[in-house]
Amino acid sequence: VQLQASGGGLVQAGGSLRLSCAASGDTFGLYAMGWFRRAQGKEREFVAGISRGGSRTDRADSVKGRFTISRDYAKNMLFLQMNSLKPEDTAVYYCAARDTVAGAVLTTVDQYAYWGQGTEVTVSS
């Protein structure tokens, strides 16, 4: 599967952005999906994940209550709604996919097989 992330940009603290990830192919429903981010000088870290059926999600503690992950099966799209953005959310955001069993939410870099190219989010104070 090929992934194309978009929706990044510059936003003031407290603002919102919605990231999108378009997935190619006709097996979108077989993939658990996730969002990761890499801030400058730091390792890539888990942000949010969703099971292949969409019934289960998980988020990093740092984004709980602010970010929501969702997916649209008709459009083969993954989304990350980011509200109440903070300067520490500044990073390049990546979407990822892995075909896996139903109900699984994958939360580590090593668990994912496919990656998008990244979209940059900058939050100004």
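Everything numeric in this text was worked out from a predicted model, so none of it was measured.

Cut-offs and rules
- Throughout, residues of each chain are indexed from 1 in the direction in which the sequence is written.
- Local features are withheld for residues below a pLDDT of 70 in this predicted model, meaning they are given only at 70 or higher, and side-chain atom pairs are given and counted only at 80 or more; totals for whole chains, interfaces and linings count all residues.
- Hydrogens and water molecules were not included; the side-chain quantities draw on all heavy atoms of the structure.
- Exposure categories follow from relative accessible area, calculated using a 1.4 Å probe and restricted to protein chains: below 20% of the type maximum is buried, above 50% is exposed, and the middle band is partly exposed.
- Here a helix means four or more residues in a row that DSSP labels H or I, a strand means two or more in a row labelled E, and each is numbered from the N terminus.
- Two strands pair under a simple rule: DSSP has to find at least two bridges between them.
- For helices, the fitted line uses only the C-alpha atoms of the stretch in contact; every axis is such a line through C-alpha atoms, and the angle between N-to-C directions lies from 0 to 180 degrees.
- We call two residues in contact when some of their heavy atoms are within 4.5 Å.

This next bit is on the pairing of strand β5 (residues 45-50). Counting buried positions along β5 gives five out of six residues, so the element sits mostly inside the fold. Note that strand β4 (residues 31-38) and β5 share five bridges and pair antiparallel. Considered in β5, the bridge of tryptophan 35 is made with alanine 48. Linkage of β4 to β5, two consecutive antiparallel strands, is achieved through a turn of six residues, within which glycine 41 is found at a positive phi near 80°. What sits between the antiparallel neighbours β5 and strand β6 (residues 57-59) is a turn of six residues, in which glycine 54 has the positive phi angle 85°.

To continue, consider the sheet that holds strand β7 (residues 67-72). Spatially, four strands are ordered β1-β3-β8-β7 in an open sheet, and the strand pairing comes out antiparallel. Because the sheet does not close on itself, it has two edges, and the strands there are β1 (3-6) and β7. This sheet shows a mean twist of 15° between the axes of neighbouring strands, independent of strand direction. Pairing between β7 and strand β8 (residues 77-82): six bridges, direction antiparallel. Pairing of phenylalanine 67 across the sheet is with methionine 82, part of β8.

So, on to the side chain of threonine 119. Note on placement: threonine 119 falls in strand β11 (residues 119-124). Ignoring anything within four residues of it in the chain, the contact list for threonine 119 reads Ala5, Ser6, Gly7, Gly8, Leu19, Ala91, Val92 and Tyr93.

The residue asparagine 76 is not glycine, and still its phi comes out positive at about 55°. With a phi angle near 50°, serine 84 is a residue other than glycine that sits in the positive phi range. Looking at the element boundaries, serine 84 is found in the loop between β8 and β9 (91-99).

Take it as geometry only, folks, not as evidence of what the structure does.
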